[in-house]
Amino acid sequence: MLTPLQQILEAVLLAAGEPLSRARLEEIMGEEVDATTLDEALRGLAASYAERGFELVEVASGLRLQARERFAPWIARLSPERPARYSRAVLETLALIAWKQPVTRAEIEAVRGVSVNPNIMRTLQERGWITVVGKREGPGRPDLWGTTRQFLDDFNLQSLEDLAARVFPESAKER
Amino acid sequence: MLTPLQQILEAVLLAAGEPLSRARLEEIMGEEVDATTLDEALRGLAASYAERGFELVEVASGLRLQARERFAPWIARLSPERPARYSRAVLETLALIAWKQPVTRAEIEAVRGVSVNPNIMRTLQERGWITVVGKREGPGRPDLWGTTRQFLDDFNLQSLEDLAARVFPESAKER
Amino acid sequence: MTIDAAVQPEYVARVGEQLLLEFPQDLYIPPDALAVILESFEGPLDLLLYLIRKQNLDILDIPIAEVTHQYMGYIELMQGMQLELAADYLVMAAWLAEIKSRMLLPRPPQTEDENDEDPRLALVRRLQEYELLRQAAERLDALPRVDRDVFPISVQVPVIERRQELPKVTLDELLEALRTVLQRAALVEHHHIQREAISVRERMSLILLRVAEGAVRLLDLLRPDEGRRGVVVSFLALLELLKGGQIEVERDEEGLFLVGVKTEAC
């Protein structure tokens, strides 16, 4: 059975429809709710979803309620358009930016051994997964690319360390 | 405890974010689920929300999950234009204007012992609680400030005498 | 961009209805399949890795002559088909040829010298790094992804007034502020006097507001319907304002008292 605080948290998280940070939740709950209380309430809330169709996850931007992965086939029937599949070129470029960021396009090309189609960069940028984070000093001052928080959120990741551990565990040790 | 069918229904309804008709739900669930089964599952699902932050309701276009109305105050704080709180300086300035009106800013500053930020006056004026009622004779002819009828209304006061009675309740009994 | 070898690993290419399960050993490839096959490689490193893996060769000890031979076979085929070959494939071909020729040179006895390392080493490093990248891309694609595997959920929100909400202040908060500020100013003495004074002060503001719009007859300001107390309060307020020089009183043509805003002394 949920406490009143947990019910409020649930309603707020569901109404938000986007990740909410702990700080934001504390702010919304008001002064009586401190970090420890919030933490405990969230843990209980997460546990209460064990038998339900959704779950509480923590991603880079905060806490989010999401439908469980195993129900994706039914949820997919809700919308006629199928989710985008990305080519190897797109995925490799994205993985490389995530891995070596901040990185220039030339550096991406050096690792992949092929030139990077500008469409790939545009696709990733429009998706909100990569962004220009600066410029490399030197001739031409090329753009430096990095991944966004949205990228972490969309791939169910909490942080870049989390990403490293799951996606390039071999190289994580070197860094 | 939810049945697998109920978990799927829950996930689908939550992911849809809009009302889904029974016909639509039947379609999504596939052939094994007929109207009676669906109906029963939905009833059980609705009951399972008794202690939760949201509920299952049936509206004209179908079934939808919505946050319980009693949590609206917290949900309202999600919106970015969520009101801030007025600072002490704002409240004290307002109280002083009510007490000493018609009063100039310099006079308020004399009592509070600190300078009054023009933003404070603007905030209170925009809120409709204070207004310029005249000008003080003398050098610079500074504005004289007073409280408005709106101020009385917003604080549920009949007159400022009410305010005095509330500040000094002992003296109110004597009358 | 449509062929996703990571997701469809079971065949190399599709030619019409026929699936090519592996590359023909003799390197003969049906002409219309070649373009498809080439597209399924993400460049020369990918092709090279494929050739090495295909034959269970050790990436750390690549038989450079053989691999070069096979690689060139593909390149020649593609050139023969007049496919527009990405320059990257030719650059790799040149590099392989260079490594091969350096391998043929007798190695000097002093091998510790950095410049005399195995000519294949740079290639091995790039292949290894690319291999890591390939795996990373696959793992990334396998992560549960929003809108493909997991779906952020939301519920309808009860009707909330979305108009610009202003900070709420309770009367208690205001009273608290008033007490604090009065205490600080040591103005709390003489409660009664203060209580009377606040009514007068309130009335002062109201009178100022009224006369600001134009002169008002005194009798209109002292309204009997407010009761004796109201009239007294108004009168005291008028006296206060006169004393402070905020208003002035004149007689009009009919000899009635007219209250107006004090005009600037010229």
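All values reported here derive from a predicted model rather than from experimental measurement.

A separate point is the overall build of chain C. Looking only at helices and strands, chain C has nine helices and six strands in total. Each of the 266 residues in chain C was classed as buried or not, and the buried ones make up 39%. If you take every contact in chain C between residues at least 6 apart in sequence, the share linking residues at least 24 apart comes to 52%. Accessible surface for chain C amounts to roughly 15,400 Å². Of this, 54% is attributable to carbon and sulfur atoms.

We now examine the nonpolar core. Within the largest apolar cluster, 59 residues are counted, with the highest numbers of intra-cluster contacts made by A:F151, A:L163, C:L48, C:Y71, C:L123, C:L127 and C:L140. Considering every element that reaches this core, the biggest residue donor is helix α5 (residues 88–100) of chain A, with nine residues. Those residues in contact with C:L123 that lie beyond four places of it in its chain are C:L48, C:I62, C:I64, C:M92, C:W95, C:L96 and C:I99. Formed by 57 residues, the second largest nonpolar core is a distinct cluster that contains A:M29, A:L45, A:A67 and C:F151.

On to the interface of chain C and chain A. Taken residue by residue, the interface counts 38 residues in chain C and 48 residues in chain A. Each partner contributes to the roughly 4,000 Å² buried at the junction of chain C and chain A, and carbon and sulfur atoms together form 63% of this total. For the pair chain C and chain A, the interface holds three salt bridges. One salt bridge in this structure joins C:E129 and A:K100, with 2.5 Å as the shortest N-O distance. Counting the contacts that link chain C with chain A gives 12 residue pairs in polar contact (both at pLDDT 80 or more). If you tally residues by element for the side of chain C that touches chain A, the top one is helix α5 (residues 121–142) of chain C, at 12 residues. A class-by-class count of the residues in the side of chain C that touches chain A yields 21 nonpolar, four polar and 13 charged.

Before going further, it helps to spend a moment on the packing of aromatic side chains. For the coordinates displayed, the defined rule picks out 13 aromatic pairs over all chains. Judged by centre distance (5.6 Å) and plane angle (20°), the rings of A:W99 and A:F168 are stacked. Taken as a pair, A:W99 in helix α5 and A:F168 in the loop between α9 (160–167) and α10 (169–172) lie far apart in primary sequence, 69 residues in all. Like A:F168, A:W99 is buried. An aromatic cluster is built from A:Y49, A:F54, B:Y49 and B:F54, whose rings are joined through pairwise contacts.

Residue and element names in this part refer to chain A. Overall, the coordinates contain 37 salt bridges over all chains when judged by the stated rule. Between R43 and D39 there is a salt bridge, with the nearest N and O atoms lying 2.9 Å from each other. Of the two residues, R43 and D39 are both situated in helix α3 (residues 35–48); the distance of four residues between them amounts to about one turn of the helix. A residue is classified by how much of its surface remains accessible, and R43, at 54% relative accessible area, is exposed. When its relative accessible area of 26% is taken as the criterion, D39 is described as partly exposed.

On to the confidence of the model for chain C, then. Residues and elements named next belong to chain C. Chain-level pLDDT for chain C is 75 on average; 70% of the residues reach the 70-or-more range. No element of chain C has a lower mean pLDDT than strand β2 (residues 18–20), at 47, and none a higher one than α5, at 91. Confidence over residues 1–12 falls short of pLDDT 50; this stretch has 24 contacts with residues more than four positions distant or in other chains. Residue range residues 14–21 is modelled with pLDDT below 50. Its contacts to residues more than four positions away, or to other chains, number 16 contacts. Here the predicted complex carries an ipTM of 0.64, next to a pTM of 0.60.

Attention shifts here to the side chain of C:S205. Locating C:S205 in the fold gives a position in helix α7 (residues 191–212). When its relative accessible area of 1% is taken as the criterion, C:S205 is described as buried. One polar contact links C:S205 to B:Q101, side chain to side chain, over a distance of 2.7 Å. Setting aside chain neighbours within four positions, we find C:S205 in contact with B:Q101, B:P102, B:V133, B:W145 and B:G146.

Tracing the chain through its elements places A:Q7 in helix α1 (residues 4–16). C-alpha of A:Q7 to C-alpha of A:L45: the two residues are 38 residues apart in sequence and 8.6 Å apart in space. With residues up to four places along the chain from it excluded, the contact list for A:Q7 reads A:L2, B:E51, B:R52, B:G53, B:R70 and B:F71. At 2.9 Å, the side chain of A:Q7 forms a polar contact with the backbone oxygen of B:E51.

Further remarks concern the pairing of strand β4 (residues 143–147) of chain A. Residue and element names in this part refer to chain A. Buried residues dominate β4, accounting for four of its five residues. Pairing of strand β3 (residues 130–135) with β4 involves five bridges; the strand directions are antiparallel. Bridge pairing in β4 places I130 opposite T147.

It is worth spelling out the environment of C:L51 at this point. All names here are of chain C. Tracing the chain through its elements places L51 in helix α2 (residues 44–54). Taking the relative accessible area as the measure of exposure, L51 reaches 3% and is therefore buried. With 19 residues separating them along the chain, L51 and Q70 place their C-alpha atoms 7.7 Å apart.

Right, let's get into the sheet that holds strand β6 (residues 257–261) of chain C. Residues and elements named next belong to chain C. Pairing in this open sheet of three strands is antiparallel, and the strands run β4-β6-β5 from one edge to the other. Bordering the open sheet on either side are β4 (216–217) and β5 (247–251), each of which pairs with just one other strand. Pairing analysis gives five bridges linking β5 to β6, with the strands arranged antiparallel. When the bridges of β6 are listed, V249 appears paired with V259.

Residue and element names in this part refer to chain A. Cis peptide bonds are those with omega within 30 degrees of zero, and the linkage from Q101 to P102 qualifies with -5°. Tracing the chain through its elements places P102 in the loop between α5 and α6 (105–112). The phi torsion at R141 lies on the positive side, around 40°, for a residue other than glycine. Its place among the elements puts R141 in the loop between β3 and β4. For R141, a relative accessible area of 40% gives the class partly exposed.

Listed as buried for helix α2 (residues 22–29) of chain A are A:L25, A:I28 and A:M29. Seen end-on, α2(A) carries its buried residues on one side only, within an arc spanning 95°. Contact partners of the buried residues in α2(A): α1, α3 and β2 (62–67) of chain A together with α4 (72–76) of chain B.

All names here are of chain C. Residues V232, F235, L236, L239, L242, V249 and F257 make up a contiguous nonpolar surface patch of roughly 570 Å² in combined accessible area. A per-element tally of the nonpolar patch places helix α9 (residues 227–244) first, with five residues. Structurally, L242 can be placed in helix α9. With relative accessibility at 38%, the residue L242 sits in the partly exposed group.

Each value, and the rule that gives it
- Residues numbered from 1 in each chain as written.
- Chains lettered and ligands numbered in written order.
- Predicted model: local features only at pLDDT ≥ 70, side-chain atom pairs only at ≥ 80, totals over all residues.
- Heavy atoms only, no water.
- Helix = DSSP H or I, 4+ residues; strand = E, 2+ residues; numbered from the N terminus.
- Buried < 20%, exposed > 50% of the residue type's maximum accessible area, 1.4 Å probe, protein only.
- Contact = heavy atoms within 4.5 Å.
- Areas by Shrake-Rupley, 256 points an atom, 1.4 Å probe, with all protein chains shown as cover.
- Core = buried A, V, L, I, M, F, W, Y, C linked by side-chain atoms within 4.5 Å.
- Buried area = accessible area lost by both parts, 1.4 Å probe.
- Salt bridge = Lys/Arg side-chain N within 4 Å of Asp/Glu carboxyl O.
- Polar contact = N/O pair within 3.5 Å; in protein donor to acceptor, adjacent residues only side chain to side chain.
- Nonpolar A, V, L, I, M, F, W, Y, C, P; charged D, E, K, R; others polar.
- Phe/Tyr/Trp six-rings, centres within 6.5 Å; stacked < 30°, edge-to-face > 60°.
- pLDDT = per-residue confidence, 0-100.
- Pairing = 2+ DSSP bridges.
- Arc of directions from axis to C-beta.
- Patch = residues over 30% accessible without salt bridge, like charges linked within 9 Å, V, L, I, M, F, W, Y side chains within 5 Å.

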